[in-house]
Structures are given as C-alpha cells and as structure tokens.
Amino acid sequence: MLGRTGVLFLVAASFLSASPMQTIYVQKCASCHGANGNIKAMGRSKAINGMSAESIEKAMAEIASGERKSMGFVKSTKEAFIKKHSKEELDELAAYIHGLQ
C-alpha cells in the first residue's frame, strides 16, 4: 500500500512525464471538452476529437474574434488563451487535440 509520499510521487511523476501540449490541454481544455475531446463543450459545440488541426485552430480564432457565436466567457477565455500562446504552440496544441482518441 502506498503512503501519502508514494501517491504524491506518482502524481508528480505522471505530471512531469506529460508532454507540454498534454499539460496545456489537461489544464485549460479538458474541463469543458473532456479528457479525450469527446464532450460537447457547454453541451453546445461538437466534440473536438477527430477534427483536423486546421479546423481546431480556425474554431479557436473565430470564437476569440467573435466571428463565431459563443457564450461571453467562452469568447474571453479563447481570446486570452490565444494571446498567451505563440502560433507554434497553438499549432502543436491543435495537432495534439487532433490525435486524441
């Protein structure tokens, strides 16, 4: 049986072994889109797993710009997210999401 230290070590080890894009996805996306991208965010959007990387990036940009209708906090969240991350990071994240099963 693992003690508290053993459990903390396992959690830390799994977090440290995660790819940067996996970490970003888990921290910023999974709560709405699900661990595998298979949940309709807010019960409205389509599931993002299986979307092409280009479609994912386009959707994020359209939501952030207001071109695509969304709830106000979703728009502001996407807008802040896009401003915080480089184009390269957004490309990598979209590719990561595309690969979710």
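Residues numbered from 1 in each chain as written. Predicted model: local features only at pLDDT ≥ 70, side-chain atom pairs only at ≥ 80, totals over all residues. Heavy atoms only, no water.

### Some remarks on the environment of R44
Structurally, the position occupied by R44 is in the loop between helix 2 (20-33) and helix 3 (53-65). Note on R44: relative accessible area 62%, which makes it exposed. Along the sequence, R44 and S70 sit 26 residues apart, while their C-alpha atoms lie 9.1 Å from each other. (Helix = DSSP H or I, 4+ residues; strand = E, 2+ residues; numbered from the N terminus. Buried < 20%, exposed > 50% of the residue type's maximum accessible area, 1.4 Å probe, protein only.)

### Looking at helix 3
One turn of the α-helix equals 3.6 residues, which is why residues spaced by three or four share an orientation. Between its first and last C-alpha atoms helix 3 spans 18 Å; for 13 residues at 1.5 Å apiece the expected length is 18 Å, and the two agree. Contact partners of the buried residues in helix 3: helix 4 (72-84) and helix 5 (87-98). Phi for G66, located one or two positions after helix 3, is positive at around 90°. (Expected span 1.5 Å × (residues − 1). Contact = heavy atoms within 4.5 Å.)

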